[in-house]
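Tertiary structure, described
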Amino acid sequence: METEVATARRPHVLVVPYPAQGHINPALEFAKYLASKGVRITFITTKAVTKSAKSSLCGLLTIVDVSDGSEDVKDPESIEGYFKRFKAVFSKNLARFIDEQRDAAQVIVYDSTMPWVLDIAHERGLRGASFFTQSCAVSAVFYHLKQETLRFPYEDSVVSLPSLPALGTKDLPSFLEFTDPKQTIPTVMADQFSNLEKVDWIFLNTFDKLENQVVEWMASRYPIKTVGPTFSLLQMDKKLSNSKNHTINLLEPACTEWLDSRETGSVVYVSFGSIASLGKKQMEEVAWGLMTSNCYFLWVVRPLEVDKLPDDFTSLASEKGLIVGWCKQPEVLAHRAIACFLTHCGWNSTLEALSCGVPLIAMPQWVDQQMNSKFIEDVWGVGVRVKRGEDGIVGREEIAMCIKEVTEEDRGMELKRNACMWKDLVNEAVEKGGTSANNIEDFVSKLMCISG
Ligand code: UDP
């Protein structure tokens, strides 16, 4: 057991994720890895999130909450109202938390969608590191939106941006009902590129070989460092399996022992992430598409989405599939029974699938997902994109056909080969001497100097 004095001598980093599942996961994995390298971490998030943490302590990592005021919200909030209140209350309480800390931190790593954290940090003598949780390619598009070298709503049917493949409007980030660049969601995305001239580090949850050209291009503008996939960093170290299990799930994960009884490569895993909400008609088409395919399926349907399933579907499908409200996705994707992943192409889901060598059926919904699906199919060759009908719905036949293509045909073999190649490249990036591991090593050495 280390003495308090020795612990106090270690570098101390505050990690502040944006409080949504897709932002918490990569930041927590990064934080746990830093802790495994001897850095003391205070992982700061909101009350609603800390409630879901199994324990507030994991080795050198402590999870604490700072109020964002959501516990006092009585009426439904607009998106604008939510972001305004979140920034006002969370930033005030974060500043107070830092001021009152007995043992001061040297650095704050904050989610890139919260660029205002940097000012709080600098005013208190801390250095700041912005942590990007989307791909470098998508970040580059947001950079262009910020610089207005790309205008939203998109004006051209095909857009040509430096170091990126030609992108059709359907490949570019979409903001659904937000059609004005000044509205909250487009502004929050573009504003990840505000305040960066003053930042001390910029970390991207990706790896060099995955996005070679655009990483180089971005590095010629900003001091970026790739550190991903953060989800895979600890997988490399079997000794750390304990902290590997230290996760925060905002919904309770169901047991997936069901997978153990399935044959190797016989199950389609289906999930649309933690936010995307499909319409009732679309849910029905997915349901019947899964039923008519030749595979078993494991489908994550969050509790608030269950009403959109066809009547009695759970019992009708019980021979063929299992529906759960949430699962431990990384474990599911690593299971030998998984043949492919029907996904909304969130960035974490994409990276987790690549890390596990699982081919994808891409059914993107919004923001960065379209662009991720373009790369999945056309650049990395690890999946197929579904085609939507004229009504915008992906029909049951299309879903069944994509499953067949990815699991049975020659194309499926090729996708699997490519997915396995990317799995090897992920390992190369995160193991000792790999690009992401080296970038983190470098950061840790700097932390040791600052704190020493
Ligand atoms: N996830 C999970 N269990 C589920 C569904 C999702 O643990 O049943 C995790 C998944 O592993 C990923 C995150 O939730 O780390 C979702 O992030 P992503 O960027 O893929 O999508 P988002 O939810 O942000 O749209």
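Residues numbered from 1 in each chain as written. Predicted model: local features only at pLDDT ≥ 70, side-chain atom pairs only at ≥ 80, totals over all residues. Heavy atoms only, no water.

**Here's the deal with the nonpolar core**
Condition: As used in this record, nonpolar core signifies buried Ala, Val, Leu, Ile, Met, Phe, Trp, Tyr and Cys residues forming a set joined through side-chain atoms within 4.5 Å. Buried means the residue's accessible area, taken with a 1.4 Å probe over protein chains only, is under 20% of the maximum for its type, while exposed means over 50%, and partly exposed covers the values in between. Numbering of helices and strands runs from the N terminus; a helix is a DSSP stretch of H or I covering at least four residues, while a strand is a stretch of E covering at least two. The contact criterion used throughout is that any non-hydrogen atoms of two residues lie within 4.5 Å.
Phe-90, Leu-94, Ile-108, Leu-164, Phe-175 and Tyr-269 are the most contacted members of the largest nonpolar core, which totals 94 residues. Examining the composition of this core, we find that eight residues originate from one element, helix α6 (residues 136–147), more than from any other. Once residues lying within four places of it in the same chain are set aside, the contact partners of Leu-94 are Val-16, Ile-44, Val-66, Ile-108, Val-117 and Ile-120.

**Observations concerning the pairing of strand β6 (residues 127–132)**
Rules: Pairing between strands is defined by DSSP: at least two bridges between the two strands are required. Handedness of a crossover is defined as follows: orient the strands so they point away from the viewer, and if the path from the first strand over the helix to the second runs clockwise, the crossover is right-handed.
Most of β6 sits inside the fold, with five of its six residues counted as buried. Inspection of the sheet shows strand β5 (residues 107–111) paired to β6 by five bridges, in the parallel sense. Of the residues in β6, the one forming a bridge with Ile-108 is Gly-128. Assessed by its sense of winding, the connection that carries the chain from β5 through helix α5 (residues 117–123) to β6 is right-handed. Pairing geometry for β6 and strand β9 (residues 201–204), over four bridges, is parallel. From the neighbouring strand, Phe-132 faces β9, where its bridge partner is Leu-204.

**Considering the environment of Gln-147**
Position of Gln-147 relative to the elements: it lies in helix α6. With relative accessibility at 39%, the residue Gln-147 sits in the partly exposed group. Distance in space between the C-alpha atoms of Gln-147 and Asn-372 is 22 Å, their sequence separation being 225 residues.

**Some words on the pattern of salt bridges**
The cut-off we apply is this: The salt bridge definition used is simple: a Lys or Arg side-chain nitrogen within 4 Å of an Asp or Glu carboxyl oxygen.
Overall, the coordinates contain 23 salt bridges when judged by the stated rule. Across the pair Asp-68 and Arg-85 runs a salt bridge whose closest N-O atoms are separated by 3.6 Å. With Asp-68 in the loop between β4 (61–65) and α4 (79–100) and Arg-85 in helix α4, this pair connects stretches of sequence that are 17 residues apart. Under the relative-accessibility criterion, Asp-68 is labelled buried at 4%. For Arg-85, a relative accessible area of 15% gives the class buried. In this structure, the salt-bridge partner of Arg-151 is Glu-148, at a minimum N-O distance of 3.5 Å.

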